[in-house]
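Structural overview
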Amino acid sequence: MKKIRNPWKEPKNIGEYNCFACSPYNSSGLQLEFWENHDELITKWNPERSYEGWIGVLHGGIQATLLDEIGGWLVMVKLKTAGVTSNMQVSYLKPVKVSKGEVTVKGKLESVEGRIAKISASLYDGDGEECAKAELSYFVFPENIAKARYQYPGIDAFYD
Ligand SMILES: CCCCCCCCCCCC(=O)SCCNC(=O)CCNC(=O)[C@H](O)C(C)(C)COP(=O)(O)OP(=O)(O)OC[C@H]1O[C@@H](n2cnc3c(N)ncnc32)[C@H](O)[C@@H]1OP(=O)(O)O
């Protein structure tokens, strides 16, 4: 697995880069990191009890955030531009027990039709059981728009 570099993780961005899911500077956020394994993008995250909905169960909104974010980074790394989520459908298959520890989320590009990228993503609990899955549509911007409006730094910035 290859680690993906976070191009916005620079001291000058403290206080500016606040993505709830991926900014290392957002103390209220998930502070996700990403890895690439062939055609998949992967993140791992250790839930704490403060992210519960029902007692002992990871809140579904947090699960959706994890599934959405893998899509955002997949667009940036695999399609080499930026996009925004235009649609997502989440299937919650089994409760994610916080006590089982680190969850793993994997995303994969399924197709690109015009400006819409279709992405599938799955969330696995600490035992490796698939507990949620999502079908995501991302509206993908041309690279020049991504750079001008979304601070997309170009693909080289994601690799050491
Ligand atoms: C920094 C840390 C990061 C850290 C990394 C962060 C990863 C983030 C992952 C999180 C993912 C999210 O939560 S994303 C947030 C949730 N999703 C959203 O907010 C999306 C909200 N929905 C929308 O904005 C809209 O519905 C869209 C864009 C999806 C579709 O709108 P639409 O009406 O069908 O599309 P349309 O107007 O044709 O195009 C939209 C805009 O793109 C432009 N556009 C389209 N094609 C082109 C083109 N070829 N060349 C130039 N421009 C174009 C249009 O001019 C327009 O600009 P203009 O007229 O607008 O100027």
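Residues numbered from 1 in each chain as written. Predicted model: local features only at pLDDT ≥ 70, side-chain atom pairs only at ≥ 80, totals over all residues. Heavy atoms only, no water.

From N to C terminus, the protein includes 2 helices and 7 strands. Over its C-alpha trace the protein gives a radius of gyration of 15 Å, about what one expects of a compact globule, namely 15 Å for 160 residues. In the protein, buried positions account for 42% of the 160 residues. With 19 positive and 21 negative side-chain charges, the protein shows a separation of 2 Å between the mean positions of the two kinds. (Helix = DSSP H or I, 4+ residues; strand = E, 2+ residues; numbered from the N terminus. Rg over C-alpha atoms; globule rule 2.2 N^0.38 Å. Buried < 20%, exposed > 50% of the residue type's maximum accessible area, 1.4 Å probe, protein only. Lys, Arg positive; Asp, Glu negative; His and termini not counted. Charge placed at Lys NZ, Arg CZ, Asp CG, Glu CD.)

Take the site of the ligand next. Looking at the ligand, there are 17 residues lining it, with Thr85, Arg115, Tyr138, Phe141 and Arg149 nearest. Aspartate 68 is positioned such that a nitrogen or oxygen atom in its side chain is 3.4 Å from an oxygen atom of the ligand. Here arginine 115 contributes a side-chain N or O atom positioned 2.7 Å from a nitrogen atom of the ligand. Within the complex, the protein chains bury 47% of what would otherwise be the 1300 Å² of accessible surface of the ligand. Counting residues per element, the ones that place at least two in the shell around the ligand are α1 (60-78), β4 (83-92), β7 (130-140) and α2 (143-149). A breakdown of the residues in the shell around the ligand according to their chemical character gives 10 nonpolar, 3 polar and 4 charged. (Near = heavy atom within 4 Å. Polar contact = N/O pair within 3.5 Å; in protein donor to acceptor, adjacent residues only side chain to side chain. Areas by Shrake-Rupley, 256 points an atom, 1.4 Å probe, with all protein chains shown as cover. Nonpolar A, V, L, I, M, F, W, Y, C, P; charged D, E, K, R; others polar.)

In this section: the sheet that holds β7. Ordered by their spatial adjacency, 7 strands build an open sheet running β1-β2-β3-β5-β6-β7-β4, and the pairing between neighbours is antiparallel. Edge strands, defined here as strands with exactly one partner in the open sheet, are β1 (2-4) and β4. Averaged over all neighbouring strand pairs, the angle between strand axes comes to 25°, with direction disregarded. Bridging between strand β6 (residues 116-124) and β7 involves 9 bridges; their strand directions are antiparallel. Note on β7: the bridge partner recorded for leucine 123 is alanine 132. (Pairing = 2+ DSSP bridges. Axes fitted to C-alpha atoms, helices over the stretch in contact; angles between N-to-C directions.)

Next up on the list: unusual backbone geometry. Here the phi dihedral of histidine 38 falls at roughly 55°; this positive angle occurs in a residue that is not glycine. Inspection of the secondary structure assignment puts histidine 38 in the loop between β2 (34-37) and β3 (40-45). Backbone geometry at lysine 80 places phi at a positive 60°, although glycine is not the residue there. The residue lysine 80 is located in the loop between α1 and β4 in this model.

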